[in-house]
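Chain by chain, the residues:
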Amino acid sequence: MILILAPNTQIQSTEYQSLMDHLAGLQGVQVRVHKEHGSEQTLTEIYLIGNTKTLEIEDVRDLPCVENVVRVSQDYRILGRHKDDSRSAHFNYKGVRFGQDTLNVFAGLCAVDNAAHVEIMLRALRDNGQVCTRMGAYKPRTSPYAFQGHGKNCLPFVFDLAGKYGIKVIAMEITHESHLNEIHEALQQAGNPTGVMLQIGTRNTQNFELLKIVGRQQEYPVLLKRGFGITLDESLNAAEYLASEGNRNVVFGLRGMKTNMGDPHRNMVDFAHVPVVKRLTRMPVCVDPSHSVGTRAASPDGILDVMHATAQGVLAGANMVLVDFHPEPPQALVDGPQALLLSELPHFLEDVQIAREAYLKRAQLVQKYQPK
Ligand code: PEP
Ligand code: MN
């Protein structure tokens, strides 16, 4: 059960104290307090965990400071979308809004190779009105002999250049807790010219200890990729690990499922799950067409499969697109064969816009045909 308290409730107030005293007296019920600091107000939510079946919603709503009460109906207690749940489904980071109602494109390098390519990429993004990107410094690779990413060595120039080109948020995968500290220190040393959305890759979706550590910090939002060989429920529970540790600024990423049934694509595209994740949870949903499709092949209409898959995700209401670009794909150290060319960036963005407009029209159509 979740108790949503009146905005700006003071923990020193006698009302709050009497609420907490009352909750402490409930048998078999654990109390967990979560604070959400917004720009205008602080929201306090209290999670009652354990034997809450006997509690009546109306009685709990009458307790001091309580504005609303939600009975948790399924597993994803914090991130889930429950009945009568009016908690917000968005967050802001570095002035960018991430919600189930927005769309942000994160085009960029799968792996940072050198400063020149980073600069060319970021300049192209700025020239096309973009404020987000993806830049891989730590790469989880199948072979131990493959390029593992430049790690912390590339962070200073990546962050400086991001600041120079007005990039506000960089999606960056981490594979170990030490990477979180390295990113934090490099950002501070650079004077925080940009922000980072920590990416947990599909190979680490169920790395529970990493999830707990990333969940314990609230400074950086997290993009959690769906595990490529586990159920949707298992991946959503992984996202819940982040929230249960305190970080609910989580975007859920679909990136295709590993099976040869998807051949000749690299993975089986699973973007039909965009609306499913939006229904089950309040997380914004990201699609990664590059790692799903994995090639630059095009259909007879001339449209690249990556662009088709992107459109499918956006048409289904996706809120974020993570997509690989590279100024010189043959020179890319990771995933060159799936990278789009910088000359394709305006085309890609316009194509995304068409799909987004079509999605918004489709959502309006529901209102038109809704029984009065
Ligand atoms: C990536 O986005 O660079 C990546 C490795 O993705 P995934 O974890 O989905 O394979
Ligand atoms: Mn990749």
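Residues numbered from 1 in each chain as written. Chains lettered and ligands numbered in written order. Predicted model: local features only at pLDDT ≥ 70, side-chain atom pairs only at ≥ 80, totals over all residues. Heavy atoms only, no water.

**Student:** Break down the pattern of salt bridges for me, citing the residues and quoting the values.
**Tutor:** Taken as a whole and judged by the stated rule, the model has 13 salt bridges. Here Asp 101 makes a salt bridge to Arg 97, at a shortest N to O gap of 2.8 Å. On the accessibility criterion, Asp 101 (45% relative accessible area) is partly exposed. The shortest N-O distance in the salt bridge between Lys 212 and Glu 209 comes to 3.3 Å. With Lys 212 and Glu 209 both in helix H6 (residues 208–216), this residue pair falls 3 residues apart, about one helical turn. (Salt bridge = Lys/Arg side-chain N within 4 Å of Asp/Glu carboxyl O. Buried < 20%, exposed > 50% of the residue type's maximum accessible area, 1.4 Å probe, protein only. Helix = DSSP H or I, 4+ residues; strand = E, 2+ residues; numbered from the N terminus.)

**Student:** Before we move on, could you go through the state of the cysteines and cite the residues and values that matter?
**Tutor:** The final tally for this structure, using the stated rule, is 0 disulfides. As a non-bridged cysteine, Cys 154 has Cys 110 as the owner of its nearest cysteine sulfur, 12 Å distant. Using a relative accessible area of 1% as the deciding quantity, one classes Cys 154 as buried. (Disulfide = S-S within 2.5 Å.)

**Student:** Any details on helix H3 (residues 115–127)? Residues and values, ideally.
**Tutor:** Between the first and last C-alpha of H3 there are 18 Å, a value that for 13 residues agrees with the 18 Å anticipated at 1.5 Å per step. The set of residues buried in H3 consists of His 117, Val 118, Glu 119, Met 121, Leu 122, Ala 124 and Leu 125. The elements touched by buried residues of H3 are strand S7 (104–108), strand S8 (132–134), helix H4 (155–164) and helix H11 (345–369). Sitting at the amino-terminal end of H3 is Asn 114, which places a side-chain oxygen 3.1 Å from the backbone nitrogen of Ala 116. Following H3 by one or two positions, Gly 129 adopts a phi angle in the positive range, close to 75°. (Expected span 1.5 Å × (residues − 1). Contact = heavy atoms within 4.5 Å. Polar contact = N/O pair within 3.5 Å; in protein donor to acceptor, adjacent residues only side chain to side chain.)

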